[in-house]
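# Examining the three-dimensional arrangement
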Number of protein chains: 2
Amino acid sequence: MHTVDIFDTTLRDGQQGKGISFTVEDRVKIAKLLDQFGVKFIEGGWPGASPKVDDFFAQMRDVKLKNAKMVAFGSTRRASNSAEDDIFLNKIVESGVPTACIFGKTWDLHVHEALKISLEENLDIIETSVAFLRRSGLQVFFDAEHFFDGYKRNPEYALNCLLAAERGGAEVLVLCDTNGGTMPHEIGDIIDTIKPQLKTELGIHAHNDCELAVANSLIAVRHGASHVQGTVNGYGERCGNANLISIIPSLKLKFGIDCHIEDAQLARLSKLSHHVAEIANMTHNANQAYVGQNAFAHKGGVHVSAIMKNPETYEHIRPEQVGNKQEVTVSDQSGMSNLLYKAEKFGITVDAKDVRLKDLVQRTKELDKLGFTFEEAEASFELLMRRKLELFDRSFQLEGFRVIDEKRGHDEEVIVEATVKVSVEDNIYHTAAEGEGPIDALNNALRKVLDRHYPEVSSIILTDYKVRVLNSEKGTSSMVRVLIESSDGKKSWGTVGVSPNLIEATWKALIDSIEYKLLKG
Amino acid sequence: MHTVDIFDTTLRDGQQGKGISFTVEDRVKIAKLLDQFGVKFIEGGWPGASPKVDDFFAQMRDVKLKNAKMVAFGSTRRASNSAEDDIFLNKIVESGVPTACIFGKTWDLHVHEALKISLEENLDIIETSVAFLRRSGLQVFFDAEHFFDGYKRNPEYALNCLLAAERGGAEVLVLCDTNGGTMPHEIGDIIDTIKPQLKTELGIHAHNDCELAVANSLIAVRHGASHVQGTVNGYGERCGNANLISIIPSLKLKFGIDCHIEDAQLARLSKLSHHVAEIANMTHNANQAYVGQNAFAHKGGVHVSAIMKNPETYEHIRPEQVGNKQEVTVSDQSGMSNLLYKAEKFGITVDAKDVRLKDLVQRTKELDKLGFTFEEAEASFELLMRRKLELFDRSFQLEGFRVIDEKRGHDEEVIVEATVKVSVEDNIYHTAAEGEGPIDALNNALRKVLDRHYPEVSSIILTDYKVRVLNSEKGTSSMVRVLIESSDGKKSWGTVGVSPNLIEATWKALIDSIEYKLLKG
């Protein structure tokens, strides 16, 4: 079968999703992840629509991409000016990307009601807009907005819109199911009818309003589309966009279609999905196809003994192919093998029969019940293991702290002061510092002491900080889990703290982070 | 087109989902909801597998169902005994249900590896098991386990299994995609091939391991299946089962197929979905097709002005058809039309030309840049709008606060004390309280004052709390965004606070939450 180009629009259509708002730094991080993973096109946003988007394109000019091309999004020109004079089309050109993706109307209802122009005029707008961008040296994709709805009402006109884009020189005609209401059989039937009348490659852009976006994209490919637009984890407005995290493995492993993504890259699919969810601060869906924590989880009994003999009996693919793993009902035995696996990873030599390992299995289960998670906080877990196996001495001991947040009038700033008492190598230090917030003040006070003894501490930067309430029925006295990501500019590590007191939970994660740095040097 | 029978297995396959565990009372409640809604068959569980299931069937004997029939699940007989002597087949008969659904092996691999019997013997097991239940007066459906995987490896044998069930008298042959790995085109192709060779009605039972369960079910119907098995919200093992909440509206509204569910019943779809989620104690997916809170939420300014003119432009169905509603959200992409829509929703009368609205658009964009998001914090946005339009007086004014977190030894608990100074109706109050953490202490101190003046404040409970660092390059002095969800047991609302100080950000969101409650009463 033909190859397929993967076009990611997490940064544009994906961030229309409710609750998703990326900073410029988030956008750059995601673009780099997508490039590493191997997608062919990364749509970054609509130049001129917001300062964030323009900043992002400016920053991306200095980033060397290995696999992907940057794409700027936009609309066909306004009816009131020529393409040459259109502000937004010019902004696309100025953004410095090699590829543009512009959308135009293909449903006559929208031409009448939204644009309020003649059907003929819209065709001219499409053709001249695409042609202008091509003349400006860009590769151009045409997003045929509402194509399927338009085609069902007025097939001749919808097709004419595609032909106008083709005359303008569009390199892909992207059929958009903008409202997400099209059924799978309609996708196939409509593509079969129009394909022979067009010379240009077809693409698909599906929305998930009927929980069909993934299927509709695969069916479009089956009927000849060679370009698939979607987002990581299906993020997007309303019910989301087509989920590339589900589409890519089905294309590669089930259709046998090359998406310019190598097997080794596909094995990073789960990482990509989880990492983008973290950046978006969205809970990862444990039941997500291919990459969810439960996707290959088997409940006890018949299934388990069957998959132990032959995994093919109850698994449609090998989880490792997408970087996921088989999960079996937790038993002391499986807990133990996990620990041994981790010990090896940390470079710790330990006898499988060491009784302290059994304690550690027990302790891990208790902590898990309390709300600790070590998946994103492996540094905390390594410290826990080293302490249990007596392979680790604390570099310092916290004797106590006090932090005061004070607001002395309703228009006044909050003033924060922290004091800490720390023992380091038999000396006791008692210092104080101010800060922007309680954690900052505590951190500043602690650093005053530690920087003296351990200059390497000064390189630690907190790169991410996340808080989740664990048992919300208890209101403001609920347990909270804090996950911290730290970096010393070379490597980064995650730590965790849990407490009903947010300050203490953060403080625990922060102390782990510093201890980990001191351990690793 | 033909009609379709909806077969719900939330109580059996759905409750295999991780984190889902129904009590007997839960099961009865769900069965009643499903019956009211209009599904044709309710599978209640495997008689004899657990006391809960047997209790449930016993209780259901006293419940008069209006639309549905109760179904008991089970397996074909054991190889070592006859159908008449099979304990579990007899338990099905004794459970008193009118309908049985039993599964059997149709993939030769499983016959060899799991059952360890001959292929011939398995055919006899299927036929005699079905026949026994029929002779016992039951309607019988046959779940052909792993049918598609089996058919792809050994089509002749898989078909022979269906023919054996047909000879036994099965009334529906349910094709199961047990591992969820089958692609949409395979479903259609395989059904087209086998259907002419069978006299019996076909059903479909799909799993969501490739995010295709809904599509595969619809495609099976398109190719002639007249019985669809699935669960509410797609609950089920691994990635879940086919989601009936998505399948039913597509069949009714898009395929025009009668599922024995009236329009008025379909209008209760959202309620059914939310209610079962509550019983299962699972967070309802806000992006869920048809019924999610965001399913008809519009963000972009262009979309909003279009749907206000004609909803068909950006909505594939009318949300009311499935008991959902239209929603417009506010962000940096939103323009005047979003604000006007919101004003109307809040019951605020305002002239579109009011200059204060322009200020508000501007202010919203500034706040968005600072890191405020109002999508999950509509209550904060309503307060902002009312303040801007001078429609709102503060009920109380915070004059100041101080909170002290203190840990006096490395094994000691953190002690937290907060003082607040608040003016209410010309009185100034100065109180103090302890708490589990700084927010809890501040909240406790504030409540001490407010409860006196506004007893309704005591009903507020914090139901969710999320923190996100906005510009992590600044380490512990970064800006943080706090999103709070509150509830008074009847309705819930979201508020937001942003500050470099976590305490202050939380405090702001908390104050907004209380002010909102006082505004709404």
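Because the structure is predicted, anything quoted here is derived from the model rather than measured. (Residues numbered from 1 in each chain as written. Chains lettered and ligands numbered in written order. Predicted model: local features only at pLDDT ≥ 70, side-chain atom pairs only at ≥ 80, totals over all residues.)

From N to C terminus, chain A includes 18 helices and 16 strands. Dimensions along the principal axes, computed over C-alpha positions, put chain A at roughly 85 × 65 × 45 Å. With 521 residues in all, chain A has 51% of them scored as buried. Considering only contacts within chain A whose residues lie at least 6 apart along the sequence, 68% involve residues at least 24 apart. (Helix = DSSP H or I, 4+ residues; strand = E, 2+ residues; numbered from the N terminus. Buried ≥ 20, exposed ≤ 12 C-beta atoms within 10 Å, placed from the backbone. Contact = placed C-beta atoms within 7 Å.)

When two helices pack together, their arrangement is given by the angle between their axes and by how far apart the axes lie. Residue and element names in this part refer to chain A. Two elements in contact, helix α9 (residues 213-222) and helix α10 (residues 244-255), have axes whose closest approach is 10 Å; the angle formed by their N-to-C orientations is 40°. In terms of axis orientation, α9 runs oblique to α10. Where α9 crosses over α10, the handedness of that crossing is right-handed. In this structure, α9 uses V214, S217, L218 and V221 to contact α10, whose residues at the interface are S246, I247, S250, L251 and F255. A per-class count over the contact of α9 with α10 returns six nonpolar, three polar and no charged. (Axes fitted to C-alpha atoms, helices over the stretch in contact; angles between N-to-C directions. Parallel < 35°, antiparallel > 145°, perpendicular 65-115°, else oblique. Left-handed = near helix turned anticlockwise from the far one by under 90°. Nonpolar A, V, L, I, M, F, W, Y, C, P; charged D, E, K, R; others polar.)

This brings us to the nonpolar core. In summary, soluble globular proteins display a tendency toward joint burial of nonpolar side chains. Within the largest apolar cluster, 202 residues are counted, with the highest numbers of intra-cluster contacts made by A100, F142 and L173 of chain A together with A100, F142 and L173 of chain B. Aside from chain neighbours lying at most four places away, what touches F142 of chain A is I102, G104, V130, A165, A170, L173 and V174 of chain A. Residues L450, V467 and L483 of chain A together with I514 of chain B belong to the second largest nonpolar core, which totals 91 residues. (Core = buried A, V, L, I, M, F, W, Y, C linked by C-beta atoms within 7 Å.)

Turning next to the domain arrangement of chain A. You can read the domains of chain A as domain 1 (5-261), domain 2 (330-393 + 461-521) and domain 3 (396-453). Computed from C-alpha coordinates alone, the two centres of domain 1 of chain A and domain 2 of chain A are separated by 43 Å. (Domains from an automatic or database assignment.)

This part is about the interface of chain A and chain B. If you look at the interface, chain A gives 94 residues, while chain B gives 97 residues. Examining the composition of the side of chain A that touches chain B, we find that 11 residues originate from one element, strand β11 (residues 397-407) of chain A, more than from any other. Both β11 of chain A and strand β11 (residues 396-407) of chain B contribute to a ladder of seven bridges, which runs antiparallel. Its bridge partner lying in β11 of chain B, R402 of chain A is registered against E406 of chain B. (Pairing = 2+ DSSP bridges.)

Here we take up unusual backbone geometry. One non-glycine residue, R238 of chain A, lies in positive phi territory at about 60°. Following the sequence through the fold, R238 of chain A ends up in the loop between β8 (227-230) and α10. In this structure, K116 of chain B takes a positive phi of about 55° despite not being glycine. Here K116 of chain B lies in the loop between α4 (108-115) and α5 (119-135). Overall, the presence of 8 C-beta atoms within 10 Å leaves K116 of chain B in the exposed class.

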